Amino acid sequence: MSDKIHWLTRAHYPDPLVDYSSTDFIIEFQEAAAVLQQWRNPHLGRSSREGTIMSMASTARAAYDMIQQKLLTTSLDADEEKELIEKVKVYKFMLDRTLPEALKLVNLDQLLTQEDIEEFIRKHLELMGEEYGQQLSVAEAMMNQLESITDIEITDEFGRKRRISRNDVLDVIGSVLGNMLVRQVSMWPVDDIISRPRGRLHLKKTYRSAIMREGRVPPVNIRTEDIKVVDKDRLSLIYFIVDLSQSMSKIVFKDGLTRLDGALLTSLGLYYYFKLVNRRKRREFDSFNMHIIPVTKSPYVISDDAKFEDFLLGAEAKGKTRLVHATYAAIRHVHEHYQNVNYDVQLVYLTDGRPNVPFEGPLPGSNIDSGMESYFRTANTKTPKEAQRCMVQLSKTFNYLNRVRDRNWNISYFLMAGQRFKSSTLWEDTKHMLAGVTNPVLIDPTEVDSLGRRIIQETMVSED
Amino acid sequence: MKIDEQFLEAHDNAVARVEDLLGRAPEDYKVLMFVDPTLFDSVLIQTERAGTPKAVISSNDLYILQQMKEEGFVPRGKDLFFGSRSPRFFYPQEILDHPGGQKIVEAKLIHSLSRAVLVEDTISRFPDTLKKLYRHDAVIYDLFANNVYEFVMERGAQWVWQYFQDFTAVIRLLSLYDLDDFYVPPNTIRSASIFYNYLLEIKEIIKKRSEQVLSSPLYDLVLHGYGDLVLNQHLQDFDDDVRDAMIPHLKANLGQPLGVIGNRFLSHHGESFEEITEEALKLRNDQELTGIWTRGETKDHMEELREELMNKSMVWHSAQDSYWSDLWPMRGSQFDSTRKYVGKIQRRGYKSFAELQEDSPLVTSHGRIQLKDREVAVLGIQEDTVGQEQLIILRNHLQARKDTFSTPLPGLPDTIVFKKFSGMHVASYLGIVDKKRTRSYPRSPYDLPVVVRALQVTSDKDAYQSSERDDEGKIDEANYEELHSLTEPQYRAIRYLIRQRDVSQ
């Protein structure tokens, strides 16, 4: 063999285009918080959107040059040539017309939402059709890259900036934040559903059935007809009741996060957590049917994703806290839309716990004595009278929901506050309000990652 | 292996043929065959982008090139020829299965071998320069790799790879334009850490490299023209129908403007083929090659060549119906840019790369803006090596302080960079927000609160008026007097960006 000829493999010659600098990218809570802030303040996300267009321009320029090189030097068949020619044309059009205009619109905050971008792409596809006298087959797929304008810029652990798609961020928020929240508050309707894999024996119900049959505790034996299996395919309705009142605008968390930011982040985390669970289960229907009820002057129900994102983008903290009204809206929504189906309902409150507008009208359970009125008579509390009336109403409603047999009603009550809140009388009042129903949970979303770590550690210890 | 024997045979035939044609064969060359064609793709596009196969490229380039490879835009038909004093040819193993058969492989080898003869024996400095560049790049690469290794191993600082990579690539670009003076470290700091040692060392080598690049003679026409000449001579000996069958397979070798134009000049440097070869070896640069004709004569020849190429090039394309509407215009404009290059050399007598670069610089400095608490440098960069990410590291270099690195050195100030992408004219601002707000212990030079903005520069006077926020009179404190060679829309963009810097903090 001639000494002039050398056969090289990757072992002899390292690939110069391998990126050794990239490390695994893990999005942390801080990033999630930053993402939310960017969303809610377009000004903050603008530089990321501009950066996206810049990098698209660099890529388009490189592609434009390189495709020309390829056409002029490499033997290709007719189809390949035609496809490349079309691509060159699209890149040329993008460089000359689309990207400059996109950048200008981004500068002016006029290219923000998915709809804006889709509209923009449609317009430019038409313009391109006019310019070249025909619709180029590759144009649409290439122009759809512009959708990445909604990508979000976050930093890795060394502060390097990366752009990742909005959906990826939401998935991460769902799996990280939502998972941790769910672990802490046991939102699962544990008593009869889902907590065990398919086909597992449901002990509690099985025992109960045996006891009912024999009429004695403990039962002597358990027969086949007593055995109850976990019903996996049940459906739950989840209502996030998000407080948007004036008091939610107070900054109580680190990094300048307000209570509202905390509440939105928590609902975001849970919302996408359940979405993720829905997707993983791959059933014909979703196990969790989610709704959001903003606590506004006249509370309404949001039940689709696009509107949910709009809500996150536009939510402002103002006005009074009509928590009872929102609760009523949720109950009415369930009765109107799911009257004949026995779905479980989970009401998730995200609030600062200061309801101040009592409900004027008939509420379910208003004749129940929940003990809340007598508590307020005797307790030495600083809670204002209005709030007291609201809490009495809520307490009665919760007790009613706890007792009705038509379906399972579960309640989770998240308070956006730090640990210091536990020494206040409002905390005691809230605990009384929820007595026998559930426990209030303090949430400081900025601490969620450390809590998560603690939970994992504790789980590991108990397993030993 | 059968396939090896085939290639060996083709190689031996090609060497014999070159010896036959030129009376000599190259000696110090190497043929590098890439078993993995995607590895060849990487080497090809990286070499075209950075000059030598060993050059460290910026992360920006890396990202773009990776994307081009994924999209399948690599011009794989090109033969990669590195014309240093010891020439290297790079081929993907695929060419052994070339549909044109062994004759085509032989022709491709003859094309490279003839250029190898030229670069081995020419009196021009060009091959020496290329060899030196290769050596510098190899040294830089080794220094880079060793230092990064040590950093990552010792301190777990994964960011170092990207940081050093970008630093090296950006300094390499800026030092070509004498703009790297923002970073002038004292020699005493060398012993402080391997970090400084690397930066100082690398800067010195890059400086030497830049000198080599700038003094490099313009030699492309001679080199490619000679290859074209010999390959055409080789094809002469075939019967017409055999030759006609071969030409379509030699798309990358024949019909490239550098080769065709160079060939035309060369073939008038002597009567016989031997005479031309002897003359070619005596040419120092393209200026000497093109000096034989006046502008008028050259223009006639160029017109004739363009016409010839227009009809001839059709054999290289299969999409015949798009030839006149799309493909020829591309070829035509490629030819025209080479023609312009010839024009510049003839009219202005350019001999070296430095002169050509001065004529149309990729990087220009437009001076600085004085603000109350800082300076903002205004640059024009028409190069993709440097993106915003790359400037960040230069900017951050001095701001960050930590155990693993800290530097008392002056660095690049805040910058505004103008860049054109075809119809897109962008002004981007990069700066660090107030020192009060910088964190005391950043995790890396990347971990600093930065303001990054990009703006479409438009001639529309009212474009950004409505979105301006109250700047609380800060704008009046900016001094724009030192700026020069900027257009009115560019000034407007600068003013807007300076205002934006203040409001986005």
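Residues numbered from 1 in each chain as written. Chains lettered and ligands numbered in written order. Predicted model: local features only at pLDDT ≥ 70, side-chain atom pairs only at ≥ 80, totals over all residues.

Chemist: So what's going on with the overall build of chain B? Residues and values would help.
Modeler: A tally of regular secondary structure across chain B gives 17 helices and eight strands. Across the 505 residues in chain B, those meeting the buried criterion constitute 44%. Counting contacts in chain B only where the partners sit at least 6 residues apart, residues at least 24 apart contribute 77% of the total. (Helix = DSSP H or I, 4+ residues; strand = E, 2+ residues; numbered from the N terminus. Buried ≥ 20, exposed ≤ 12 C-beta atoms within 10 Å, placed from the backbone. Contact = placed C-beta atoms within 7 Å.)

Chemist: Report on the overall build of chain A, specifying residues and quantitative values.
Modeler: Of the regular secondary structure elements, chain A holds 14 helices and eight strands. In chain A, buried positions account for 39% of the 464 residues. Within chain A, residue pairs in contact and separated by at least 24 positions form 76% of the contacts whose partners lie at least 6 positions apart.

Chemist: Lay out the sheet that holds strand E1 (residues 5-8) of chain A in plain terms, naming residues and giving numbers.
Modeler: The strand order across the open sheet formed by four strands is E1(A)-E1(B)-E3(B)-E2(B), and the pairing between neighbours is mixed. The open sheet has two edge strands with one neighbour each: E1 of chain A together with strand E2 (80-82) of chain B. In this sheet, adjacent strand axes meet at a mean angle of 20 degrees when their direction is disregarded. Those strands touched by helix H2 (residues 37-50) of chain B are strand E1 (30-34), E2 and strand E3 (88-92) of chain B, and its axis lies near 135 degrees from that of E3(B). (Pairing = 2+ DSSP bridges. Axes fitted to C-alpha atoms, helices over the stretch in contact; angles between N-to-C directions.)

Chemist: Explain the pairing of strand E2 (residues 152-155) of chain A residue by residue, including any values.
Modeler: All names here are of chain A. With four bridges joining them, E2 and strand E3 (residues 161-164) adopt antiparallel strand pairing. When the sheet's bridge partners are listed, Thr155 is paired in E3 with Lys161. Between E2 and E3, which follow one another and run antiparallel, lie five residues, and Gly159 among them has a positive phi close to 90 degrees.

Chemist: Tell me what's going on with the confidence of the model for chain B, and back it up with residues and numbers.
Modeler: All names here are of chain B. Per-residue pLDDT for chain B averages 85, and the proportion of residues at 70 or more is 88%. Across residues 398-410 the pLDDT falls below 50, and counting only partners more than four positions away or on other chains, this stretch makes 21 contacts in the model. Taken together, the stretch residues 466-471 has pLDDT below 50 and engages in six contacts with residues farther than four places along the chain or on a different chain. Predicted complex metrics record ipTM = 0.92 and pTM = 0.79. (pLDDT = per-residue confidence, 0-100.)

Chemist: Any chance you could break down the interface of chain B and chain A for me, citing the residues and the numbers?
Modeler: The interface of chain B with chain A comprises 71 residues on the first partner and 56 residues on the second. At the level of elements, helix H1 (2-22), E1, H2, helix H3 (59-71), helix H6 (159-176), helix H14 (323-348), strand E7 (424-432) and strand E8 (450-456) of chain B are the ones that each hand at least two residues to the side of chain B that touches chain A. The element best represented in the side of chain B that touches chain A is H3(B), accounting for nine residues. Of the residues that constitute the side of chain B that touches chain A, the class distribution is 34 nonpolar, 23 polar and 14 charged. As judged from the four bridges shared by E1(A) and E1(B), these two strands associate in the parallel manner. Note on E1(B): the bridge partner recorded for A:Trp7 is B:Met33. (Nonpolar A, V, L, I, M, F, W, Y, C, P; charged D, E, K, R; others polar.)

Chemist: Go over the pairing of strand E7 (residues 409-416) of chain A, please, and point to the residues and values.
Modeler: Residue and element names in this part refer to chain A. Buried residues dominate E7, accounting for seven of its eight residues. Pairing of strand E6 (residues 344-351) with E7 involves seven bridges; the strand directions are parallel. Considered in E7, the bridge of Gln346 is made with Asn410. As paired elements, E7 and strand E8 (residues 440-443) share four bridges and run parallel to each other. Among the inter-strand pairings, Met416 is bridged to a residue of E8, identified as Ile443. Taking the sense of rotation as the criterion, the β-α-β connection linking E7, helix H13 (residues 425-433) and E8 turns out right-handed. (Right-handed = clockwise from strand over helix to strand, strands pointing away.)

Chemist: Tell me about the environment of A:Leu125, and name the residues and values.
Modeler: All names here are of chain A. Inspection of the secondary structure puts Leu125 in helix H4 (residues 114-132). Taking the number of C-beta atoms within 10 Å as the measure of exposure, Leu125 has 20 and is therefore buried. Sequence spacing of Leu125 and Phe93 is 32 residues, and the spatial spacing of their C-alpha atoms is 9.9 Å. When near neighbours in sequence (up to four residues on either side) are disregarded, Leu125 contacts Ala139, Glu140 and Met143.

Chemist: Give me the lowdown on H13(A), citing residues and values where you can.
Modeler: For an α-helix the count is 3.6 residues per turn, leaving residues at separations of three or four pointing the same way. Residues and elements named next belong to chain A. Residues of H13 that are buried include every one of Asp429, Thr430 and Met433, and no others. For H13, the angular spread of buried residues about the axis comes to 100 degrees, placing them on one side. Its buried side turned inward, H13 meets helix H11 (372-378), helix H12 (385-403), E7 and E8. (Arc of directions from axis to C-beta.)

Chemist: An account of the sheet that holds E8(B) is requested, with residue identities and associated values reported.
Modeler: Each strand in a sheet pairs with its neighbour through backbone hydrogen bonds, running either in the same direction (parallel) or in the opposite one (antiparallel). All names here are of chain B. Within the open sheet, the five strands sit side by side as E4-E5-E6-E7-E8. Their pairing is mixed. Either end of the sheet is taken by a strand with one partner, and the two such strands are strand E4 (363-370) and E8. Each strand of the sheet is rotated relative to its neighbour by a mean of 15 degrees, with strand direction disregarded. As defined by bridge partners, E4 adjoins strand E5 (residues 375-381) across six bridges and the pair is classed as antiparallel. Its bridge partner lying in E5, Ser365 is registered against Leu379.

Chemist: Before we move on, can you summarise helix H13 (residues 295-312) of chain B with the specific residues and values?
Modeler: In this model, H13(B) (18 residues) spans 25 Å end to end at C-alpha, consistent with the 26 Å of a helix rising 1.5 Å per residue. Of all 18 residues that make up H13(B), one are buried, and the element is exposed over most of its length. (Expected span 1.5 Å × (residues − 1).)

Chemist: Report on the packing of helix H5 (residues 126-155) of chain B against helix H7 (residues 194-215) of chain B, specifying residues and quantitative values.
Modeler: All names here are of chain B. Two elements in contact, H5 and H7, have axes whose closest approach is 10 Å; the angle formed by their N-to-C orientations is 165 degrees. If you check the angle between H5 and H7, you find them roughly antiparallel. In terms of crossing hand, the pair formed by H5 and H7 is left-handed. Where H5 abuts H7, its residues Thr129, Lys132, Leu133, His136, Val139, Ile140, Leu143, Asn147 and Glu150 lie against Ile194, Tyr198, Glu201, Ile202, Ile205, Lys208, Arg209, Gln212 and Val213. (Parallel < 35°, antiparallel > 145°, perpendicular 65-115°, else oblique. Left-handed = near helix turned anticlockwise from the far one by under 90°.)

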